[in-house]
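Descriptive analysis of the structure
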There are 2 protein chains.
Amino acid sequence: MRSLWLNSLTRQGLYRLSTLKYSTSVEPKEPVVKTKSIPGPKSVELKKQLDSVQATGTIQFFADYDKSIGNYIHDVDGNILLDVYTQISSVPLGYNHPRLFNVFNNEQNVKTLINRPALGVFPGKEWPEKLHSVLQSIAPKGLNKITTMMCGSCSNENAYKAIFIWYQNKLRGNTPLTDQERNSCMINIPPGAPKLSILSFKGAFHGRTLGALSTTHSKYIHKLDVPSFDWPIASFPQYKYPLEENVAYNKKEDEKCLSEVQDLIKQYASKVPVAGVVVEPIQSEGGDNEASPEFFQSLQAICKKNGIALLIDEVQTGGGSTGKFWCHEHFNLDGPPDVVTFSKKLQLGGYFHNDDFAPKEPYRIFNTWMGDPGKVLLLEEILKVIQEDSLLANVNVAGKVLKEGLLSLEKEFPHILNSTRGRGTFLAVNCTNTKVRDQIVGALKLHGVQTGGCGEISIRFRPALIFKEYHANIVLDRFRQVLKAI
Amino acid sequence: MRSLWLNSLTRQGLYRLSTLKYSTSVEPKEPVVKTKSIPGPKSVELKKQLDSVQATGTIQFFADYDKSIGNYIHDVDGNILLDVYTQISSVPLGYNHPRLFNVFNNEQNVKTLINRPALGVFPGKEWPEKLHSVLQSIAPKGLNKITTMMCGSCSNENAYKAIFIWYQNKLRGNTPLTDQERNSCMINIPPGAPKLSILSFKGAFHGRTLGALSTTHSKYIHKLDVPSFDWPIASFPQYKYPLEENVAYNKKEDEKCLSEVQDLIKQYASKVPVAGVVVEPIQSEGGDNEASPEFFQSLQAICKKNGIALLIDEVQTGGGSTGKFWCHEHFNLDGPPDVVTFSKKLQLGGYFHNDDFAPKEPYRIFNTWMGDPGKVLLLEEILKVIQEDSLLANVNVAGKVLKEGLLSLEKEFPHILNSTRGRGTFLAVNCTNTKVRDQIVGALKLHGVQTGGCGEISIRFRPALIFKEYHANIVLDRFRQVLKAI
């Protein structure tokens, strides 16, 4: 019965503990690996069952979410892994955080779950207050409007649409809409469906629906056989590490890429004009490729100069794991980007923008659900915990330990590891080659640490915001064991 | 406290009542309209509050979902409307159905809500069983695989991708992938990103992300200023009513449209070959345009003959309101369609398909969440209630009353209404023109009945599955009052 376990949590006083105290009090002391391989036999059996109804080629193991706790994910074979990948960077407070149980111990909130509205037409009476108190509280400075969506791809798709509409409105000025525009868009051709583009970067990942996929360039298998818009793609800086020893080289990288952006805007102006640029603050799927604050400042300047929009895609970087709530806060930009998209750790998708990117006419950016109020309830509690438990400060402390440890391992194993990089706990390191990288990620798992690969040769670390110094030390210890055995 | 209201429901024995008994026992007897206009003053005030953070141009009123019950939606101004629009056709069991409360009165289910997995990588131990017992139980006959998604647009987008991949694999045969294919797709050009198309119909609606939007042709405002793929668009039959008096005309419509499909496939073969056809069983947003079973049978035959896929988009029609769980079950097709997409009443999105449309390589159809297990829990309970309470039978009974009533109103008001059509409670009627239609939809609301417009001149009825004969009679009574006053 529900009441029993709720009472039990209450009796133990767990609701009153801070996140970090809670984690230390209930988490296992260290990972436990019981099976010779992961997936273990029970996962393999479940995979077989699932395979008859759903593709299973990407499944690593079946988890036991009833038992998973804090930074530790349990699998069905009794393995307990320290999870520094967190469902592809989408878990902010670890597993089974007691404060999140609270959210649905509330009649009104359960009603929100079972009465899902078409938010754009019949929102509930709480919606304006929730948007103000929850989403507005994390709005990037200077962006006062929020369009809510459900996932990262549809956030980017709709943000692109907002950019195209904004761009065409600028061109149209006060000229009234023509019948030709109205009619041609209905059959997919200009001028109503104009030839316009979003410029993206090599190595970028912005989603997998057809518009978003035209700006995604991380792995061929994501794109093969799918028709695409012929939109311009610029190079993204490929830095050498350590940064402080490669200042001149990396600066040249910035300049080369920025100059490509400028050239492509010019080159496409006459055929498929660029209406906006989309960029990740750190290219995540593409290999945790960073660029300097100066790169982003110049990129913003180029956009402004050319009258095109700058969209910063914070789907993976947003939510605190870079040590600031939004990664682009590290860049000291000259005013906000035009649009910032989010999803993952924020539970629902969407984008922040200013009034210029809110179409005046209704139903231009719209869908049935326009987000999910049930996810906003979770986000509300998550944001409270982040603040009350100073989790951004925690990220910076734990991230420093993890990063310094990775740098030490690089020195110890220079033939295997290099190019440690990142901000907060949003960190990555490169391996000699893909084979070695995959070997290490697999071996780390068998040593009780769940990480993820990204790009061709990188390992990415994406712990939850409740990941602490001592967790970092466990990761580093296991990593050293793995590297020694290679 | 949660326990109090749960206990109260239990004390009243409401958990044990069937859906229909429950509805009649707790619903208001009839609609109540307290304000002179809807939105009323409190909705207008909330709209003002929301407007500072989010576009509000599409909002009809703010609802009170705590009070809404069964077929009745309460607004914040004390109006109680009989809801035959149900959040754009997305509410299967009405508001606050007691059986749905049960779903989250369960520790494991709450854990599912607060530990959202990346389903494609680390699914929970319950996932295979849930897919089998829940989604497999409603699979269209002959389609054994399910790809779960989150909304209608991303279901269609990913279904298109599955079709493109299937089509290219057929072409490729056993030829190994070339470097040119791998490299060209990364920069958005053929042969890796091939010129291929999905054929759609005039008046169709398949979503608003850029791929889906290229197949949507219901209203110009959905498409204006957004770049589009130049994909072929065939005419959709425009029937005359009543059907039995226009057999020859309508048959010619079928033939004309089918011949256009065939011509377009041929015409596009040399430039942007058609890999698949997407079609709604009833074009919903576009004006509730029906086509005959024979039309769909012939369409399927054309697809088979040309080696292209047939995707039936049941996002709005699926889930029971046509009197069968899937509308295409009415069509007596020669085998299943290749792909069937769903969302809305099913709580989560996705598509059913057979093994041919499941890419062999991992990560081709993929995203972080791949659906939402929390929504599957709701769907599980919804399906149980549909079966236990024989709601499809109920839909047929209530739909007959509503349809016959609309036909009577047509005869009474032939200068205003015509072309009553549809299946089950999924019904529509045409008005003289757009202005009259909008006037009627507005007046119906002030008479306590929430309907929706679709197409240029249609009113659509989308009641929940618990809508009964006496609800239909209330709708018809209020409709008559409105028509008399015009």
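Residues numbered from 1 in each chain as written. Chains lettered and ligands numbered in written order. Predicted model: local features only at pLDDT ≥ 70, side-chain atom pairs only at ≥ 80, totals over all residues. Heavy atoms only, no water.

**Points about the overall build of chain A**
For chain A, the count of helices and strands is 17 helices and 17 strands. A compact globule built from 486 residues should have a C-alpha radius of gyration of about 23 Å, and chain A, at 23 Å, falls within 12% of that. Overall, the C-alpha framework of chain A stretches about 70 × 60 × 45 Å when taken along its three principal axes. Out of the 486 residues belonging to chain A, those deemed buried represent 66%. Long-range contacts, defined as pairs at least 24 residues apart, comprise 72% of the intrachain contacts of chain A with a sequence gap of at least 6. Element-wise, carbon and sulfur atoms account for 52% of the exposed surface of chain A, whose accessible area totals about 16800 Å². Side-chain charges in chain A split into 56 positive and 49 negative, and the spacing between the mean points of these groups amounts to 2 Å. (Helix = DSSP H or I, 4+ residues; strand = E, 2+ residues; numbered from the N terminus. Rg over C-alpha atoms; globule rule 2.2 N^0.38 Å. Buried < 20%, exposed > 50% of the residue type's maximum accessible area, 1.4 Å probe, protein only. Contact = heavy atoms within 4.5 Å. Areas by Shrake-Rupley, 256 points an atom, 1.4 Å probe, with all protein chains shown as cover. Lys, Arg positive; Asp, Glu negative; His and termini not counted. Charge placed at Lys NZ, Arg CZ, Asp CG, Glu CD.)

**Here's the deal with the domain arrangement of chain A**
Where interface size is given, it is often the accessible area lost as the parts come together that is meant. Residue and element names in this part refer to chain A. For chain A, the domain assignment lists domain 1 (41-100 + 392-479) and domain 2 (117-387). At the interface, 28 residues of domain 1 touch 31 residues of domain 2. Between domain 1 and domain 2, a total of about 2600 Å² is buried, with carbon and sulfur atoms accounting for 58% of that surface. Our count for the contact surface shared by domain 1 and domain 2 stands at 3 salt bridges. Of all the secondary-structure elements, those providing two or more residues to the side of domain 1 that touches domain 2 are helix H4 (86-89), helix H5 (98-103), helix H15 (391-412), strand E13 (417-423), strand E14 (426-431) and strand E17 (458-461). Considering each element in turn, the side of domain 1 that touches domain 2 owes the most residues, 5 residues, to E13. When the residues that make up the side of domain 1 that touches domain 2 are grouped by side-chain class, the tally is 12 nonpolar, 11 polar and 5 charged. (Domains from an automatic or database assignment. Buried area = accessible area lost by both parts, 1.4 Å probe. Salt bridge = Lys/Arg side-chain N within 4 Å of Asp/Glu carboxyl O. Nonpolar A, V, L, I, M, F, W, Y, C, P; charged D, E, K, R; others polar.)

**Brief notes about the sheet that holds E14(A)**
Residues and elements named next belong to chain A. Across the sheet, which stays open at both edges, the 4 strands sit in the order E13-E14-E17-E16 with antiparallel pairing between neighbours. The open sheet has two edge strands with one neighbour each: E13 and strand E16 (452-454). Strand-to-strand twist in this sheet, taken as the mean axis angle between neighbours without regard to direction, amounts to 30°. Where E13 meets E14, 5 bridges bridge the pair, whose relative direction is antiparallel. (Pairing = 2+ DSSP bridges. Axes fitted to C-alpha atoms, helices over the stretch in contact; angles between N-to-C directions.)

**Brief notes about the relation of the copies chain A and chain B**
Between the two copies of this chain, the relationship is a rotation about some axis together with a displacement along it. Expressed as a screw operation, the relation of chain A to chain B combines 0.0 Å of axial shift with a rotation of 180°, fitting to an RMSD of 0.0 Å. Seen this way, the second copy is the image of the first under a two-fold rotation axis. A shared interface surface links the copies, since 100% of the contact residues of chain A are contact residues in chain B too. (Least-squares fit on C-alpha atoms with pLDDT ≥ 70 in both.)

**Side note on the packing of aromatic side chains**
Going through the model one piece at a time under the given rule, you end up with 39 aromatic pairs over all chains. A centroid spacing of 5.0 Å and a plane angle of 55° characterise the contact between A:Phe122 and B:Phe61, whose relative ring orientation is tilted. With A:Phe122 in the loop between helix H6 (107-114) and helix H7 (127-135) and B:Phe61 in the loop between helix H3 (41-51) and strand E1 (63-69), the pair connects residues from two separate chains. Between B:Tyr363 and B:Phe366, the ring centres sit 4.7 Å apart and the planes meet at 70°, which makes this aromatic pair edge-to-face. A residue is classified by how much of its surface remains accessible, and B:Tyr363, at 31% relative accessible area, is partly exposed. (Phe/Tyr/Trp six-rings, centres within 6.5 Å; stacked < 30°, edge-to-face > 60°.)

**A short note on unusual backbone geometry**
Following B:Ile38, the chain continues into B:Pro39 via a peptide bond in cis, with omega recorded as 10°. Relative to the helices and strands, B:Pro39 resides in the loop between helix H2 (19-26) and H3. Cis geometry is found at the peptide bond from B:Pro190 to B:Pro191, where omega equals 5°. Within the fold, B:Pro191 resides in the loop between helix H9 (179-186) and strand E5 (197-201). Even without glycine at this site, A:Gln87 takes up a positive phi of about 55°. Checked against the element boundaries, A:Gln87 lands in helix H4. Classification of A:Gln87 by relative accessible area gives buried; the value is 0%. A positive phi angle is found at B:Asn96, which is not glycine, with a value near 50°. Checked against the element boundaries, B:Asn96 lands in the loop between helix H4 (86-89) and helix H5 (98-103). B:Asn96 sits in the buried class, given a relative accessible area of 3%.

**Re helix H13 (residues 293-306) of chain B**
All names here are of chain B. When the terminal C-alpha atoms of H13 are compared, their 20 Å separation across 14 residues agrees well with the 20 Å that a helix rising 1.5 Å per residue should span. Within H13 the residues assigned to the buried category are Pro293, Phe295, Phe296, Leu299, Gln300, Ile302 and Cys303. Where H13 terminates, the next one or two residues include Gly307, which has phi positive at roughly 65°. (Expected span 1.5 Å × (residues − 1).)

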